[in-house]
Amino acid sequence: MTATMRAVVVTAPGTPEVLEIRERPVPAAAPGQVLIKVHAFGLNQSELHFRNGQAYSGSFPRIPGIEAAGIVEDAPGGEFDRGTQVVTMMGGMGREFDGGYAEYVVVPAAQTIPFRSSLPWNVLGAVPEMLQTANGSLDIGLEAKPGDSILIRGGTSSVGLAAAVLAKLHGMTVYATTRREAARALLESVGVDHVLIDDGDVAAQIRRLLPGGVDGAIELVGVDAMRDTLRAVRPGGTVCFTGMLSNRWSIEEFYPMDWLPNGVRLTAYSGEAADLGADTLQQFLDAVADGRATVPVGRTYPLDDIVQAHRDMEAGVVGGKGVVVL
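Note that the coordinates shown come from a computational prediction; the quantities given were computed from them, not determined experimentally. (Residues numbered from 1 in each chain as written. Predicted model: local features only at pLDDT ≥ 70, side-chain atom pairs only at ≥ 80, totals over all residues. Heavy atoms only, no water.)

Asker: Can you walk me through the environment of V105 in this structure?
Answerer: In this fold, V105 is placed in strand β6 (residues 104-108). Looking at V105, the relative accessible area reads 2%, which means it is buried. Residues V105 and L35, spaced 70 residues apart in sequence, show a C-alpha to C-alpha distance of 5.8 Å. When neighbours within four sequence positions are excluded, V105 is seen to be in contact with V34, L35, I36, V38, A68, M93, D98, G99 and G100. (Helix = DSSP H or I, 4+ residues; strand = E, 2+ residues; numbered from the N terminus. Buried < 20%, exposed > 50% of the residue type's maximum accessible area, 1.4 Å probe, protein only. Contact = heavy atoms within 4.5 Å.)

Listed below in structure tokens is the structure:
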């Protein structure tokens, strides 16, 4: 192992051009930490928020990146053998301490999840945060069951695509939205049963197809769409607020009696590495390897193209999960 590594460093918030590739010392792991040789990392909307200064937490200068996939280089506490395949995510990565946009990253052992797979790294790098968020939204946010009908508002986002894959894997009927007719094929490719073109009145489209409303909905667009999403759900059903693709994070005047239809529940989901068990990760990767599930990888980039990758994320042209492969 060399003494230095290539890493993306942000010294101050700004446009994609603030992402600079620099030589940095390879960090050392202390007991209770793991040094991971990064093979791939996914790209996430929250990293845009951090890079442009919208995030509520974090400090500069910083190596961004809330997730990574690779192999263990060192674990002084003996938690993992050298060479173990692992993923890691969240827990302050890329904000409070240096994250996954680098050839090596040090993270707490408690947020390191082992797996075994021969899938390519561009696929493995797409999985951790996307799977954790989609799985948690279904299991914790909605308490979804096989046979349920669900609406995914913001279906072409990486989490939306992953949620559709997981829902179909568990026998659910999936309705998903997109603003573009051209994205219909992408949604159908991950098993979406009913593609809805988002005209702002998705509830009316749902009610024409399913008069009683869907059992649950995952809100990924934000509060701009949530009021309409709530009206697409049956009494006793649930909307899980998971994402904010519109970058509107709060409601200025929230009157619950006006916003919430009778009997419709509103929850939220924002998870951590501990919410993705090793068994859940392994089962999903095995399902992908067996052809029973798919990972919605959009575009793959080398580290040198990190600025273009962020431009593409902002423009919404990745077409799935963006992944950087080292």
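Okay, back to it.
Asker: How should I be thinking about the packing of aromatic side chains in this particular structure?
Answerer: For any pair of aromatic rings, geometry is given as the distance between the ring centres together with the angle between the planes. Using the criterion set out here, one finds three aromatic pairs in the structure. With 4.5 Å between their ring centres and 20° between their planes, F41 and Y101 make a pair best called stacked. Separated by 60 residues along the polypeptide, F41 in strand β3 (residues 33-42) and Y101 in the loop between β5 (85-89) and β6 bring together distant segments of the chain. The burial state of F41 is the same as that of Y101; both residues are buried. Lying over the aromatic face of W259, R227 brings its terminal NZ or CZ to 5.1 Å of the ring centre. (Phe/Tyr/Trp six-rings, centres within 6.5 Å; stacked < 30°, edge-to-face > 60°. Lys NZ or Arg CZ within 6 Å of the ring centre and 35° of its normal.)

Asker: Explain the sheet that holds strand β13 (residues 265-268) to me, please; I cannot follow it from the model alone.
Answerer: Sheets are built from strands that pair by backbone hydrogen bonding, the pairs being arranged parallel or antiparallel. Reading across the sheet, the six strands line up as β10-β9-β8-β11-β12-β13 and stay open at both edges, with parallel pairing between neighbours. Every interior strand has two partners, whereas the edge strands, β10 (194-197) and β13, have only one. For this sheet, the mean angle separating the axes of adjacent strands, direction not counted, is 20°. Note that strand β8 (residues 149-153) and strand β11 (residues 214-219) share four bridges and pair parallel. Looking at β11, one finds that I152 is bridged to I218. Sitting on the sheet, helix α4 (residues 158-169) is in contact with β8, β9 (173-178) and β11, with an inclination near 170° to β8. Along the sheet face, helix α7 (residues 223-230) touches β8, β11, β12 (233-241) and β13 and points at about 160° away from the line of β12. (Pairing = 2+ DSSP bridges. Axes fitted to C-alpha atoms, helices over the stretch in contact; angles between N-to-C directions.)

Asker: What am I meant to see in the pattern of salt bridges here?
Answerer: Pairing of side chains with opposite charge becomes possible as their charged atoms draw close. What the rule picks out here adds up to 17 salt bridges. The residue K321 makes a salt bridge to E67 at a minimum N-O spacing of 2.9 Å. Separated by 254 residues along the polypeptide, K321 in strand β15 (residues 321-325) and E67 in strand β4 (residues 67-74) bring together distant segments of the chain. Accessibility expressed as a relative area gives 0% for E67, which makes it buried. (Salt bridge = Lys/Arg side-chain N within 4 Å of Asp/Glu carboxyl O.)

Asker: What is the right way to read helix α9 (residues 278-289) from this model?
Answerer: Owing to its 3.6 residues per turn, the α-helix aligns residues three or four sequence positions apart on the same side. In this model, α9 (twelve residues) spans 16 Å end to end at C-alpha, consistent with the 16 Å of a helix rising 1.5 Å per residue. If you check which residues of α9 are buried, you get L281, Q282, F284, L285, A287 and V288. In this structure, the buried residues of α9 make contact with β5, β7 (112-114), α2 (121-124), α3 (128-142) and α4. Phi turns positive one or two residues past the end of α9, at G291, with a value near 85°. (Expected span 1.5 Å × (residues − 1).)

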